[in-house]
Amino acid sequence: MLKIGLTGGIGSGKSEVSKRLSARGAVVIDADKIAREVVEPGTQGLARVVAAFGEGVLRPDGTLNREKLGTIVFGDSERLAALNAIVHPLVGERVAELQSQAPDDAILVYDVPLLAENKLAPMYDVVIVVDASDEVRLARLTGIRGMSEADAKARIAAQASRADRLAVADVVIANEGSLEELDARVDEVWQDLERRLQR
């Protein structure tokens, strides 16, 4: 089994790379997706979040209002730490469960947004960083995702710097061009991962 840590700053295109690796046969474990699952209605995760942050973080249908919670925690390191203390252990349990179900010869890709921030690089055989300049990422967040410029800049600033992410990379996938260029680069990387698995 080859364990890959896949990361990239918000707006870098990490999800596009994740999709392409999955299509080529990787078993992808998406930390963000799991983080959403562990706070779905009826879970102990959601009950703990409401206990810590109040009923105001719920939508009328009882689901978590992630945007509202985000505005509460993004500028406040103590509140963010409180949220992480609830969610991270639950995500860890679910990741371990999914990992145990993967075949022994799998190329296992962990899609981990905060890999550099949480100093997780040593956990993986290979760390892949999807990289794009802050300017390109800002344009994507405001243009494609419809964020305000201030919100987009705050999200970028809350994550590791580009230099810190690149410092932990074994493989860099530059993503400032077309999806065709991205496809070609992911192909190269996939062939490299298959060679590493054979070794």
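The structure contained in this document is the topic of the report that follows. (Residues numbered from 1 in each chain as written. Predicted model: local features only at pLDDT ≥ 70, side-chain atom pairs only at ≥ 80, totals over all residues. Heavy atoms only, no water.)

### Here's the deal with the pattern of salt bridges
- Applying the stated criterion across every chain, the model contains 16 salt bridges.
- Asp183 is the partner of Arg20 in a salt bridge, and the nearest nitrogen-oxygen pair spans 2.8 Å. A residue pair is termed long-range when its members are at least 10 positions apart, and Arg20 in helix H1 (residues 14-23) and Asp183 in helix H9 (residues 179-198) qualify at 163 residues.
- On the basis of relative accessible area, Asp183 is assigned to the partly exposed category, the value being 28%.
- A salt bridge links Arg162 to Glu176; the shortest N-O distance between them is 4.0 Å. Taken together, the residues Arg162 in helix H8 (residues 162-167) and Glu176 in the loop between strand E5 (171-174) and H9 connect sequence positions 14 residues apart.
- Residue Arg162 is classed as partly exposed on the basis of its relative accessible area of 31%.
- By sharing partners, the salt bridges in this structure join Glu16, Lys19, Arg20, Arg24, Asp183 and Asp187 into a single network. (Salt bridge = Lys/Arg side-chain N within 4 Å of Asp/Glu carboxyl O. Helix = DSSP H or I, 4+ residues; strand = E, 2+ residues; numbered from the N terminus. Buried < 20%, exposed > 50% of the residue type's maximum accessible area, 1.4 Å probe, protein only.)

### Some words on the packing of H1 against H9
- As a packed pair, H1 and H9 sit with axes 10 Å apart at the nearest point and diverge in direction by 55°. Classified by the angle their axes make, H1 and H9 are oblique. The two elements H1 and H9 meet at a crossing, and its hand is right-handed. Contacts from Glu16, Val17, Arg20 and Leu21 of H1 reach H9 at Leu179, Leu182, Asp183, Val186 and Trp190. (Axes fitted to C-alpha atoms, helices over the stretch in contact; angles between N-to-C directions. Parallel < 35°, antiparallel > 145°, perpendicular 65-115°, else oblique. Left-handed = near helix turned anticlockwise from the far one by under 90°. Contact = heavy atoms within 4.5 Å.)

### Here's the deal with the pairing of strand E1 (residues 2-8)
- Taking burial as the measure, the seven residues of E1 include six buried ones, the bulk of the element.
- Relative to strand E3 (residues 107-111), E1 runs parallel, the two being bridged by five bridges. The partner of Lys3 across the bridge, within E3, is Leu108.
- Where E1 meets strand E4 (residues 126-131), five bridges bridge the pair, whose relative direction is parallel. (Pairing = 2+ DSSP bridges.)

### Examining the sheet that holds E1
- Read across the sheet, five strands follow the order E2-E3-E1-E4-E5 without closing on themselves; strand pairing throughout is parallel. Two strands close off the open sheet at either side, each with one partner strand: strand E2 (27-30) and E5. Across this sheet, the average inter-strand angle for adjacent strands is 20°, counted without regard to direction.
- Relative to E5, E4 runs parallel, the two being bridged by four bridges. Across the sheet, the residue bridging to Asp131 is Ala174, located in E5.
- The strands touched by H1 are E1, E2, E3, E4 and E5; relative to E1, the strand with the most contacts, the crossing angle is about 155°.

### A few points about the side chain of Gln159
- With respect to the element layout, Gln159 can be found in the loop between helix H7 (149-158) and H8.
- On the accessibility criterion, Gln159 (17% relative accessible area) is buried.
- A distance of 2.8 Å separates the side chain of Gln159 from the backbone nitrogen of Ile10, its partner in a polar contact. (Polar contact = N/O pair within 3.5 Å; in protein donor to acceptor, adjacent residues only side chain to side chain.)

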